[in-house]
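Chains, contacts and geometry: an overview
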Amino acid sequence: ISKAGLSYRGKEIDLTKTELQIVEILFQNFNRFVPRENIIDHCWQGENFIDDNTLAVNIHRLRKKLSGLGLENIIETRINVGYRLNEEALC
(Lines give C-alpha, C1' and ligand atoms only; values in the text may rest on other atoms or scores of the structure.)
Protein backbone atom coordinates (compact mmCIF):
# COMPACT_ATOMS: atom_id res chain seq x y z
CA ILE A 1 0.00 0.00 0.00
CA SER A 2 1.46 3.30 -1.01
CA LYS A 3 1.13 6.16 1.43
CA ALA A 4 1.05 9.90 1.15
CA GLY A 5 1.25 12.57 3.79
CA LEU A 6 -1.21 15.29 4.68
CA SER A 7 -0.24 18.15 6.94
CA TYR A 8 -2.20 20.79 8.82
CA ARG A 9 -0.86 23.38 11.26
CA GLY A 10 2.51 21.71 11.60
CA LYS A 11 1.18 18.17 12.14
CA GLU A 12 1.34 15.42 9.55
CA ILE A 13 -0.46 12.12 9.00
CA ASP A 14 0.05 9.28 6.56
CA LEU A 15 -2.83 8.40 4.27
CA THR A 16 -3.35 5.29 2.19
CA LYS A 17 -3.98 5.69 -1.53
CA THR A 18 -7.73 5.24 -1.01
CA GLU A 19 -7.85 7.75 1.86
CA LEU A 20 -5.98 10.24 -0.29
CA GLN A 21 -8.45 9.72 -3.15
CA ILE A 22 -11.36 10.35 -0.78
CA VAL A 23 -9.74 13.58 0.46
CA GLU A 24 -9.05 14.57 -3.15
CA ILE A 25 -12.66 14.26 -4.33
CA LEU A 26 -13.94 16.01 -1.20
CA PHE A 27 -11.52 18.91 -1.73
CA GLN A 28 -12.50 19.12 -5.40
CA ASN A 29 -16.08 19.61 -4.20
CA PHE A 30 -15.23 21.63 -1.09
CA ASN A 31 -18.26 22.44 1.08
CA ARG A 32 -20.60 20.56 -1.31
CA PHE A 33 -21.93 17.09 -0.61
CA VAL A 34 -20.47 14.35 -2.82
CA PRO A 35 -22.73 11.31 -3.33
CA ARG A 36 -21.36 8.04 -1.98
CA GLU A 37 -21.57 6.53 -5.48
CA ASN A 38 -19.31 9.27 -6.87
CA ILE A 39 -16.70 8.65 -4.17
CA ILE A 40 -16.83 4.89 -4.79
CA ASP A 41 -16.41 5.43 -8.56
CA HIS A 42 -13.53 7.86 -7.97
CA CYS A 43 -11.68 5.52 -5.62
CA TRP A 44 -12.42 2.12 -7.09
CA GLN A 45 -13.38 2.94 -10.70
CA GLY A 46 -16.68 1.10 -10.47
CA GLU A 47 -15.32 -2.21 -9.23
CA ASN A 48 -18.43 -4.28 -8.63
CA PHE A 49 -17.32 -5.88 -5.35
CA ILE A 50 -16.99 -2.54 -3.53
CA ASP A 51 -19.99 -1.66 -1.38
CA ASP A 52 -21.13 1.09 0.95
CA ASN A 53 -19.54 -0.64 3.91
CA THR A 54 -16.10 -0.45 2.29
CA LEU A 55 -16.52 3.29 1.89
CA ALA A 56 -17.86 3.66 5.44
CA VAL A 57 -14.81 1.86 6.86
CA ASN A 58 -12.44 4.10 4.88
CA ILE A 59 -14.30 7.25 5.96
CA HIS A 60 -14.12 6.09 9.59
CA ARG A 61 -10.36 5.54 9.38
CA LEU A 62 -9.89 8.86 7.61
CA ARG A 63 -11.90 10.71 10.26
CA LYS A 64 -9.78 9.13 12.98
CA LYS A 65 -6.57 10.23 11.27
CA LEU A 66 -7.87 13.75 10.60
CA SER A 67 -8.87 13.97 14.24
CA GLY A 68 -5.17 13.58 15.05
CA LEU A 69 -4.60 16.83 13.16
CA GLY A 70 -7.29 18.61 15.17
CA LEU A 71 -9.88 18.27 12.39
CA GLU A 72 -12.46 16.27 14.33
CA ASN A 73 -15.57 17.32 12.41
CA ILE A 74 -14.21 18.15 8.97
CA ILE A 75 -16.02 15.31 7.18
CA GLU A 76 -19.76 15.79 7.43
CA THR A 77 -22.28 13.11 6.55
CA ARG A 78 -25.77 13.74 5.28
CA ILE A 79 -27.82 10.57 5.17
CA ASN A 80 -29.04 9.70 1.66
CA VAL A 81 -26.91 12.52 0.22
CA GLY A 82 -23.20 11.86 0.82
CA TYR A 83 -20.13 13.42 2.42
CA ARG A 84 -18.52 16.85 2.35
CA LEU A 85 -15.64 18.75 3.87
CA ASN A 86 -17.15 21.24 6.26
CA GLU A 87 -15.30 24.56 6.13
CA GLU A 88 -16.62 25.52 9.58
CA ALA A 89 -14.44 22.79 11.07
CA LEU A 90 -11.34 24.65 9.85
CA CYS A 91 -12.05 27.70 12.01
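Overview of the structure. (Residues numbered from 1 in each chain as written. Predicted model: local features only at pLDDT ≥ 70, side-chain atom pairs only at ≥ 80, totals over all residues. Heavy atoms only, no water.)

A few words on the side chain of Asn58. With respect to the secondary-structure elements, Asn58 resides in helix 3 (residues 52-67). Engagement of the side chain of Asn58 in a polar contact is seen with the backbone oxygen of Thr54, the distance being 2.8 Å. With residues near it in sequence (within four places) discarded, Asn58 still touches Thr18, Ile22 and Trp44. (Helix = DSSP H or I, 4+ residues; strand = E, 2+ residues; numbered from the N terminus. Polar contact = N/O pair within 3.5 Å; in protein donor to acceptor, adjacent residues only side chain to side chain. Contact = heavy atoms within 4.5 Å.)

Below, the discussion takes up the nonpolar core. Ile22, Leu26, Ile39, Leu55, Leu66 and Ile75 are the most contacted members of the largest nonpolar core, which has 24 residues in total. Of all the secondary-structure elements, those providing two or more residues to this core are strand 1 (3-8), strand 2 (11-16), helix 1 (17-28), helix 2 (36-44), helix 3 and strand 4 (82-85). Those residues in contact with Ile22 that lie beyond four places of it in its chain are Ile39, Cys43, Leu55, Asn58, Ile59 and Leu62. (Core = buried A, V, L, I, M, F, W, Y, C linked by side-chain atoms within 4.5 Å. Buried < 20%, exposed > 50% of the residue type's maximum accessible area, 1.4 Å probe, protein only.)

Attention now moves to the environment of His42. Mapped onto the fold, His42 is located in helix 2. Exposure remark for His42: the relative accessible area of 22% places this residue in the partly exposed category. With 17 residues separating them along the chain, His42 and Ile25 place their C-alpha atoms 7.4 Å apart. Contact partners of His42, with chain neighbours within four places excluded, come to Gln21, Glu24, Ile25 and Gln28.

This part is about the pattern of salt bridges. Within the structure shown, the criterion is met by two salt bridges. Between Glu19 and Lys65 there is a salt bridge, and its shortest N-O distance comes to 2.7 Å. With a gap of 46 residues between them, Glu19 in helix 1 and Lys65 in helix 3 connect regions that are remote in the sequence. You can call Lys65 partly exposed: its relative accessible area is 25%. (Salt bridge = Lys/Arg side-chain N within 4 Å of Asp/Glu carboxyl O.)

Using the criterion set out here, one finds one aromatic pair in the structure. A centroid spacing of 6.0 Å and a plane angle of 10° characterise the contact between Phe27 and Phe30, whose relative ring orientation is stacked. Overall, the relative accessible area of 48% leaves Phe27 in the partly exposed class. Given the relative accessible area of 29%, Phe30 is considered partly exposed. (Phe/Tyr/Trp six-rings, centres within 6.5 Å; stacked < 30°, edge-to-face > 60°.)

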